[in-house]
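Summary of structural features
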Amino acid sequence: MSSSFLAACRREPVDHVPVWFMRQAGRSLPEYRELRQHHDILSICRTPELAVEVTLQPVRRLGVDAAILFSDIVVPVEAIGISLDIKPGIGPVVDEPIRSVTDVDRLRPLSPAEDVPYVLEAIRMLAAELDDVPLIGFGGAPFTLASYLIEGGPSRTHERTKALMYSEPATWHKLMDRLAESILAYLSAQLEAGAAAVQLFDSWVGHLNVDDYRSFVLPSVERIFTGLEPYGAPRIHFGVGTAHLLEAMAPAGVEVMGIDWRIGLDAARDRLGNEIALQGNLDPATCLAPWEVVEEKTAEVLEKGGGRAHIFNLGHGVLPDTDPDILSRIVDTVHAWSPGD
Ligand code: CP3
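A brief look at the structure comes next. Quantities reported herein were computed from a predicted structural model and do not represent experimental measurements.

Let us look at the overall build of the chain. Helices and strands together make up the secondary structure of the chain, namely 16 helices and 9 strands. Seen along its three principal axes, the alpha-carbon backbone of the chain occupies a region of about 60 × 45 × 40 Å. Looking at the 341 residues of the chain, the share that counts as buried comes to 58%. Restricting the contact set of the chain to residue pairs at least 6 apart, pairs at least 24 apart contribute 72%. Just so you have it, the chain exposes about 13400 Å², and 49% of that area is on carbon and sulfur atoms.

Moving on, we get to helix α12 (residues 210-228). Along α12, the largest kink reaches about 55° and is centred on Val217; proline Pro219 follows within four residues of it. Those residues of α12 that sit buried are Asp212, Tyr213, Phe216, Val217, Leu218, Ser220, Val221, Ile224, Phe225 and Leu228. Residue Asn209 occupies the N-cap position of α12, its side-chain oxygen lying 3.1 Å from the main-chain nitrogen of Asp211.

Scanning all chains against the criterion turns up 5 aromatic pairs. Between Tyr166 and Phe216 the ring centres are 6.1 Å apart and the planes differ by 90°, which places this aromatic pair in the edge-to-face class. Of this pair, Tyr166 sits in helix α10 (residues 159-167) while Phe216 sits in helix α12, placing them 50 residues apart in sequence. Classification of Tyr166 as partly exposed rests on a relative accessible area of 47%. One aromatic cluster is present, formed by Phe138, Phe201 and Phe238 through successive ring pairs.

Let us now look at the site of the ligand. For the ligand, the set of nearby residues contains 27 residues, the closest of which are Arg23, Tyr32, Gly89, Ser203 and His316. Taking Ala25, its main chain carries an N or O atom lying 3.0 Å from an oxygen atom of the ligand. Taking Ser203, its side chain carries an N or O atom lying 2.4 Å from an oxygen atom of the ligand. Protein chains bury 93% of the 860 Å² of accessible surface belonging to the ligand in isolation. Most atoms of the ligand, that is more than half of them, are within 2 Å of grid points of the largest pocket. Residues of the shell around the ligand, tallied by class, amount to 16 nonpolar, 7 polar and 4 charged.

Counting buried positions over the 6 residues of strand β8 (residues 277-282) gives 6, a clear majority of the element. Pairing analysis gives 3 bridges linking strand β7 (residues 256-258) to β8, with the strands arranged parallel. Among the inter-strand pairings, Val256 is bridged to a residue of β8, identified as Ala277. When β8 meets strand β9 (residues 310-314), the two strands line up parallel, connected through 5 bridges. Residue pairing across strands places Asn281 opposite Asn313, the latter belonging to β9. Handedness of the crossover joining β8 and β9 through helix α15 (residues 291-305) is recorded here as right-handed.

Within the secondary structure, Ala233 is located in the loop between α12 and β6 (235-239). Once you skip the residues sitting within four places of it in the chain, Ala233 turns out to touch Arg10, Leu191, Ala196, Ala197 and Glu255.

For the rest of this paragraph, the subject is the environment of Met249. Mapped onto the elements of the fold, Met249 is located in helix α13 (residues 246-249). Sequence separation between Met249 and Glu296 is 47 residues, and the spatial gap between their C-alpha atoms is 30 Å. The residues touching Met249, leaving out its near neighbours within four places in the chain, are Tyr213, His237, Gly239, Thr242 and Met257.

Parameters and conventions
- Chains are numbered independently. Their residues run from 1 in the order of the written sequence.
- Local features in a predicted model are, by the rule used here, given only for residues with pLDDT of at least 70; side-chain atom pairs are given and counted only at 80 or more, and totals for whole chains, interfaces and linings are based on all residues.
- Working from all heavy atoms in the structure, the side-chain values ignore hydrogens and water.
- Put simply, DSSP H or I for four residues or longer makes a helix, DSSP E for two residues or longer makes a strand, and each gets a number counted from the N terminus.
- Relative accessibility decides the category of a residue: with a 1.4 Å probe and only protein chains considered, values under 20% of the type maximum give buried, values over 50% give exposed, and everything between is partly exposed.
- In this description, contact between two residues means that some pair of their heavy atoms is separated by no more than 4.5 Å.
- The method behind every accessible area is Shrake-Rupley, applied with a 1.4 Å probe, and residues are considered shielded solely by the protein chains displayed.
- Values of bend correspond, residue by residue, to the angle between axes fitted over the seven residues ending at that residue and the seven starting there.
- Pairing of N or O atoms within 3.5 Å defines a polar contact, subject to two protein rules: one partner must be a possible hydrogen donor and the other a possible acceptor, and residues neighboring in sequence count only if both atoms are side-chain atoms.
- Side-chain rings of Phe, Tyr and Trp, where Trp is taken by its six-membered ring, are said to pair if the distance between their centres is within 6.5 Å; with planes under 30 degrees apart they count as stacked, over 60 as edge-to-face, and otherwise as tilted.
- The nearness test applies per residue and asks whether one of its heavy atoms lies within 4 Å of the molecule or strand.
- Buriedness of a pocket was judged along seven lines, with at least five required to meet protein on both sides within 12 Å; pockets are open sets of points on a 1 Å grid over the protein atoms alone, cavities are sets where a 1.4 Å probe fits but cannot get out, and lining residues have an atom within 4 Å of a point.
- To be counted as sitting in a cavity or pocket, a molecule needs more than half of its atoms within 2 Å of that site's grid points.
- The classification used treats Ala, Val, Leu, Ile, Met, Phe, Trp, Tyr, Cys and Pro as nonpolar, Asp, Glu, Lys and Arg as charged, and all other residues, Gly among them, as polar.
- Each pair of strands is called paired provided DSSP finds at least two bridges between the two strands.
- Assignment of crossover handedness uses the view with strands pointing away from the viewer, where a clockwise path from the first strand over the helix to the second indicates a right-handed crossover.

Below, the structure written as structure tokens:
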């Protein structure tokens with residue numbers, strides 16, 4: 001497969017900077033909204049034909065250089081018996097949150113072939129259909145998953161999560177280990193089924209300081225990435241508000257670091273060095289502004305990315321009110337750009 005996305009992940013030269021968008025499949029697309037009238041989100045995730053269709057929608061419409069599997073970070077957790085729902089406009093809501101060491105024991109290890117066969121089937125179907133466009137598999141990182149499990153739903157402060165971490169470190173580490181083991185099995189199975197790369201979403205870990213990141217999170221993330229290394233597929237590590245954590249995250253070992261919009265790609269590169277590719281980092285809110293503004297901000301991101309070892313993306317997911325035509329124009333602008341323009 002000759003893919004600008006895979007080449008950029010490996011820091012090889014590219015004809016054009018590759019681009020895809022986190023949450024490219026979803027509510028910004030009218031064809032997704034139409035399909036959602038008839039199916040709830042977890043049913044789409046559990047039905048390979050539907051998951052495949054929604055994964056392909058942005059590839060067809062936007063001409064992005066990578067597809068990302070349509071699923072959600074809570075799918076494998078639900079599959080091991082944690083009762084939860086994804087509520088529109090809210091996010092994942094867990095019926096009985098995990099708050100003690102006995103609760104942690106409710107998390108049995110994930111056996112991908114038995115527990116999430118529909119995810120693996122969707123990946124096999126996509127790998128066959130997508131020929132030239134690589135498919136990115138993904139999972140939630142232990143901290144971000146733990147936050148949903150402990151808080152019972154989305155949280156602005158992650159206070160119960162941190163309270164458990166500080167007051168019962170042994171329970172915390174057990175929870176991180178359990179989740180790491182299942183996520184490693186989950187991402188390994190996705191690569192075996194035909195995903196060309198994997199992204200670990202640690203969306204909320206930016207709420208920790210660097211010392212706590214190193215003690216309470218890094219070991220579990222490192223275990224996941226070390227376990228994935230033998231597959232030789234690009235590994236992408238992403239968090240929001242993690243500018244202060246970049247040096248602490250880097251030793252977990254990945255080919256690509258996802259960068260949110262709060263730090264320039266040039267500054268991120270100065271700090272992380274040239275041995276790692278960068279993915280990002282247009283502020284998703286920019287896409288709600290007039291095209292002239294989006295174009296200028298897109299060019300700024302491209303210049304700071306330098307045209308090498310850079311995968312263009314937003315700094316977080318596409319906002320639901322984004323006009324998909326803006327996304328198409330960003331793709332065209334990124335593809336037409338070359339260093340020195
Ligand atoms: O990127 C893609 O196109 C693939 C699809 C994808 C979804 N969830 C589908 C989805 C991915 C990669 C995710 C990951 C995910 N889910 C993360 C990590 C990425 C990030 O945004 O930081 C997180 C934190 C979640 C948890 C979650 N699930 C949230 C916060 C929400 C949004 C709630 C809302 O309605 O505002 C969901 C639901 C969800 N997952 C939707 C989609 C398209 C919207 C549900 C709908 O159609 O109503």
